[in-house]
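Results of the structural survey
Spelled out from the first residue to the last, the chains are:
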Amino acid sequence: MRAVDAIMECLKAEGVDVVFGYPGGANMPTYDAFYDAGIKHILVRHEAGGGHAAAGYAKATGKVAVALGTSGPGATNLVTPILDAMMDSVPVVFLTGQVRTDLLGTDGFQEADTIGITMPAVKHSVMITDPAELPRVLHEAFYIARSGRPGPVVVDIPTDLSKVDIPYEPVTDLHLPGYQPTTEGNAKQVRQAAKALAAARRPVIYAGGGVVNANASAELIELTRAGNFPITCTLMGLGAFPAPDRQWLGMLGMHGTRAANYAIDEADLIVAVGARFDDRITGKLSEFAPRAKFVHIDIDPAEISKNVPAHIPIVGDAKNILSKLVVEYRSLEPDASRLEEWWARVDHWRERFPLAYEDTTDSEIRPQFMIQALAEATENDAIVTSDVGQHQMWTAQYYDFPKPRRWINSGGLGTMGFGLPAALGAKVGCPDQQVVCVSGDGSIQMNAQEFATCADNGIDVKVFIMNNGYLGMVRQWQELFWDRRYSQVKMGGNPDFVKLAEAYGCTGLRLTDKNTLVDDMRAALATPGPVLVDVRVTAEENVYPMIAPGEAARDMVG
Amino acid sequence: MGEPGIKETLSLEDLQAEAGLRSGRKHTLSILVENKPGVLTRIAGLFARRGFNIDTLTVGPTDDDRISRVTLTLDGAVHPIDQVTKQLHKLINVLKIRDLEPAETVARELALFKIAADGQTRAEVMQICEIFRGKVVDVGKRSIIIEITGTNDKIEAFERLVRPFGLVEMMRTGEIAITRGRGET
């Protein structure tokens, strides 16, 4: 059969039921194969939208997603989603078209060195040189994308090779001698970690996106309950532990809660699970958790001791390790009363420094209020995607996520334009779930063309634009650190978002009154089909609390 | 702002965990890789991206044509070797990495020197060459080319000695290294 038909067989064998893509000259053979392959294809309006949609699908379902683009500009438009998936460890296989092999290296029409351009942004990449190898390479791509620390894999397919007739046989064995991720945690290290936890007087669990990737939420909850430990999550980990909760301290890091940041600052033992001590978490590294010893559980050995030296490193799958750790911990029968003082201190912080803002007395909508209203209108039971900026931080702060895979955002790369396509991808993956996107008036315009994809395919996402007329986060930094010299942050010339939605065949609504906001949002959520809701909020509001860049957590402001 | 925490001193143990990251010496990494397109680019790209500085790099075939060997040296005073090897291991085409122990390793480098030498100085240069067990590979009216094999210390010593004669050009291959004893590198 043609190599492209073999691609379809491989996709089916991998359980792929939907792909996101955009055709062009170099991947036309693949699109011919889609014609009767029986695999659902969502035609996006820009390759970047397709890449982010795939990430949204993968983050919501936990399955490997697939995005396609043609050669040259099709592939370069995928570079941002590829790096985004790399930074957030998202399993996506990217299939790019490439020019004919006889044109390679000649600056042919729509030729780009896709493998070269994406090399620093991928978990792995392969250009097909022998079409007979295609099935094996594809299955290896899926395996690499999903196993170990998940990530993006690019398979670049020259158009002439994709038409070649190859003998297709289902691939049953993979040959990857250089790739053997460790999944079982070292038993001795796990015992040591249990002992350290049993001896700790000021322990904190610090969970990241790796817990979500490992589907280890239940095990994380069990350990946290077993030891009555205080727990905080990173931006990527939100939902891994249900919020709100008696043991929940709120988010950690630059815009995390004071309770979480102070607890880390004073902790004597920090158990980091699937987290990587990013600069947005640690603040000034030399003053990060100065009294703590670190247990670091991660599937990627290179993350251990990269930023913060680990006293007890455990490499492996979080689900596997946490379930062993809880058994070891219980067997030590630690004295629960040793944490009483610590909880008193933590409770004191929580009581004294709750997340707060000054509400309005008229109908004006504070952005924080908007998120609280959205949480109420959706009963905290939606998959929420976001773009990047103030609205992202406020959503992370004020929307309590009860489960993992409910909060989908671009954490590592911080990609504006991620939210809408990610929402449509999540909705395609989880059609029975309510999916909302919180965006900003800046971010939404970076991939607004995907409203057409939603309308065209009847993808029922509700987009709430937190419209403050500014690139709010940059404006906040200019206010705080650049002497209020507002440079290029006023979003003059914003379109009429209601009309924009209508032009795309979606429903557009504008909300300006705080007093009816929850009910208006409920009405928007009940409106069938894709809906854009333009919510007008206070223009100059800041995200607090905040660890100023380069400062220590204990010096949080606001 | 906020409540300052209670200051406590760090334990020695904590500090040692941190100190372990920099070894302070030259390291030779012997890396087996799959012989596939782009592998060297991946390694070089990784070093550039993570800010690791390669001192020397050599690549060549092994006795198995599916596998190549990369030998590279870098400064452990500047780079956390542990982090370098862990990042290298993440490359799918990298099969095995060995951080060679200097005492258990034989390392060699080849260098070619083009030295200004006329009738008067030629004999003196050749004498130095003999002491270093080098080989004269070409002689011209006004220059001489010498081949030296050895550790990089030896090559650097030779360079210092011949430089006053007028060093026209020098080329070095970078080190290759093999472990002593019966076991494979």
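Residues numbered from 1 in each chain as written. Chains lettered and ligands numbered in written order. Predicted model: local features only at pLDDT ≥ 70, side-chain atom pairs only at ≥ 80, totals over all residues.

**Thoughts on the overall build of chain B**
The helix and strand tally for chain B stands at five helices and nine strands. Secondary structure elements in chain B, listed N-terminal to C-terminal, are α-β-α-β-β-α-β-β-α-β-β-α-β-β. When each of the 185 residues of chain B is scored for burial, the buried share is 22%. In chain B, of all internal contacts separated by at least 6 residues, the share reaching a separation of at least 24 is 73%. (Helix = DSSP H or I, 4+ residues; strand = E, 2+ residues; numbered from the N terminus. Buried ≥ 20, exposed ≤ 12 C-beta atoms within 10 Å, placed from the backbone. Contact = placed C-beta atoms within 7 Å.)

**Things to note about the overall build of chain A**
Across its full length, chain A holds 21 helices and 18 strands. Against the compact-globule benchmark of 24 Å for 558 residues, chain A has a radius of gyration of 24 Å, which places it among compact chains. Oriented by its inertia axes, the alpha-carbon framework of chain A measures out at about 70 × 60 × 40 Å. (Rg over C-alpha atoms; globule rule 2.2 N^0.38 Å.)

**A word on the sheet that holds strand β18 (residues 531-536) of chain A**
All names here are of chain A. Here six strands make up an open sheet; going across it, the order is β14-β13-β15-β16-β18-β17 and the pairing parallel. Bordering the open sheet on either side are β14 (407-408) and β17 (507-511), each of which pairs with just one other strand. Pairing analysis gives two bridges linking strand β13 (residues 383-386) to β14, with the strands arranged parallel. Each bridged residue has a counterpart across the sheet, and for valine 384 the counterpart in β14 is tryptophan 407. (Pairing = 2+ DSSP bridges.)

**Concerning helix α15 (residues 367-377) of chain A**
Because each turn of an α-helix spans 3.6 residues, side chains separated by three or four positions in sequence point in the same direction. Counted residue by residue, α15 of chain A has nine buried out of 11 residues, so it is predominantly covered. Close packing links the buried residues of α15 of chain A with α16 (390-398), β15 (435-440), β16 (461-467), α21 (517-526) and β18 of chain A.

**A few points about the confidence of the model for chain B**
Residues and elements named next belong to chain B. Chain-level pLDDT for chain B is 87 on average; 88% of the residues reach the 70-or-more range. Looking over chain B, one finds the lowest element-wise mean pLDDT in helix α1 (residues 12-19), namely 50, and the highest in strand β7 (residues 143-150), namely 97. For residues 1-10, every residue scores under 50 in pLDDT, and the model assigns this stretch 17 contacts once sequence neighbours within four places are set aside. Our summary of model confidence lists the complex with pTM equal to 0.93 and ipTM equal to 0.87. (pLDDT = per-residue confidence, 0-100.)

**Some words on the domain arrangement of chain B**
Residue and element names in this part refer to chain B. Each assigned domain of chain B is listed with its residue range as follows: domain 1 (15-100) and domain 2 (106-179). One C-alpha centre belongs to domain 1, the other to domain 2; they are set 29 Å apart. Across the boundary between the two partners, domain 1 contributes eight residues, which contact seven residues of domain 2. Here the side of domain 1 that touches domain 2 gets three residues from one element, more than from any other, and that element is strand β2 (residues 54-61). Within the side of domain 1 that touches domain 2, the residues separate by chemical class into two nonpolar, six polar and no charged. (Domains from an automatic or database assignment. Nonpolar A, V, L, I, M, F, W, Y, C, P; charged D, E, K, R; others polar.)

**Notes on the sheet that holds strand β6 (residues 152-158) of chain A**
Residue and element names in this part refer to chain A. Spatially, β2-β1-β3-β4-β6-β5 is the arrangement adopted by the six strands of the open sheet, whose pairing is parallel. Each of the sheet's edge strands pairs with one partner strand only, and the pair in question is β2 (40-43) and β5 (124-127). Neighbour-to-neighbour, the strand axes of the sheet open up by a mean angle of 20 degrees, direction not taken into account. Sheet topology note: the strand β3 (residues 65-69)/strand β4 (residues 92-98) ladder contains five bridges and is parallel. Within the sheet, the bridge partner assigned to alanine 65 lies in β4 and is valine 92. (Axes fitted to C-alpha atoms, helices over the stretch in contact; angles between N-to-C directions.)

**A closer look at the packing of helix α3 (residues 47-61) of chain A against helix α5 (residues 79-87) of chain A**
Residues and elements named next belong to chain A. It is at 7 Å that the axes of α3 and α5 come closest, and there the two elements cross at 20 degrees. With respect to each other, α3 and α5 are oriented roughly parallel. Between α3 and α5 lies a crossing of right-handed hand. For the pair α3 and α5, contact is made by Ala48, Gly51, His52 and Ala55 and by Thr80, Pro81, Ile82, Asp84 and Ala85, respectively. Of the residues contributing to the contact of α3 with α5, the split by class is five nonpolar, three polar and one charged. (Parallel < 35°, antiparallel > 145°, perpendicular 65-115°, else oblique. Left-handed = near helix turned anticlockwise from the far one by under 90°.)

**Re the environment of leucine 517 of chain A**
Residue and element names in this part refer to chain A. Position of leucine 517 among the secondary structure elements: in helix α21. A tally of 21 C-beta atoms within 10 Å means that leucine 517 is categorised as buried. For the pair formed by leucine 517 and alanine 377, sequence separation is 140 residues and the distance between their alpha carbons is 9.0 Å. When neighbours within four sequence positions are excluded, leucine 517 is seen to be in contact with Ile365, Ala373 and Leu511.

**Considering the domain arrangement of chain A**
All names here are of chain A. Domains assigned within chain A are domain 1 (3-163), domain 2 (187-352) and domain 3 (367-536). In this complex, domain 2 contributes 13 residues to the contact, which on the side of domain 3 involves 12 residues. In terms of residue class, the side of domain 2 that touches domain 3 is made up of nine nonpolar, four polar and no charged.

**Points about the nonpolar core**
Core analysis: the largest hydrophobic core is formed by 192 residues, its most contacted members being Val92, Val93, Ala207, Ile270, Val273 and Leu374 of chain A. When sequence neighbours within four positions are dropped, the list of residues in contact with valine 92 of chain A reads Ala54, Ala55, Ala58, Val64, Ala65, Ala67, Ala85, Ala145 and Pro152 of chain A. In terms of nonpolar packing, the next biggest core, distinct from the first, is built from 12 residues, Ile115, Ile148, Ile155 and Phe158 of chain B among them. (Core = buried A, V, L, I, M, F, W, Y, C linked by C-beta atoms within 7 Å.)

**Structural notes on the packing of helix α11 (residues 258-266) of chain A against helix α14 (residues 340-352) of chain A**
All names here are of chain A. The contact between α11 and α14 brings their axes to 8 Å, and the two run at 150 degrees. The orientation of α11 with respect to α14, classified from their angle, is roughly antiparallel. Both α11 and α14 take part in a crossing whose hand is right-handed. Judged by residue contacts, Arg258, Ala259, Tyr262 and Ala263 of α11 engage Val346, Trp349 and Arg350 from α14. Considering only residue class, the contact of α11 with α14 consists of five nonpolar, no polar and two charged.

**Digging into α14 of chain A**
Residue and element names in this part refer to chain A. An ideal rise of 1.5 Å per residue puts 18 Å on 13 residues; α14 measures up with 18 Å between its terminal C-alpha atoms. If you check which residues of α14 are buried, you get Trp342, Val346 and Trp349. One side of α14 holds all its buried residues, which, seen down the axis, span an arc of 55 degrees. Exposed side of α14, more than 90 degrees from the buried face: Glu340, Glu341, Ala344, Glu351 and Arg352 are the residues found there. Those residues of α14 hidden inside the fold are in contact with β9 (248-251) and α11. (Expected span 1.5 Å × (residues − 1). Arc of directions from axis to C-beta.)

**Quick look at the pairing of β4 of chain A**
All names here are of chain A. β4 sits mainly inside the fold: seven of its seven residues count as buried. Alternating positions in β4 separate into two faces, Val92, Phe94, Thr96 and Gln98 on one and Val93, Leu95 and Gly97 on the other, with burial throughout. Note that β4 and β6 share seven bridges and pair parallel. Residue pairing for β6: glycine 97 is matched across the bridge by isoleucine 157.

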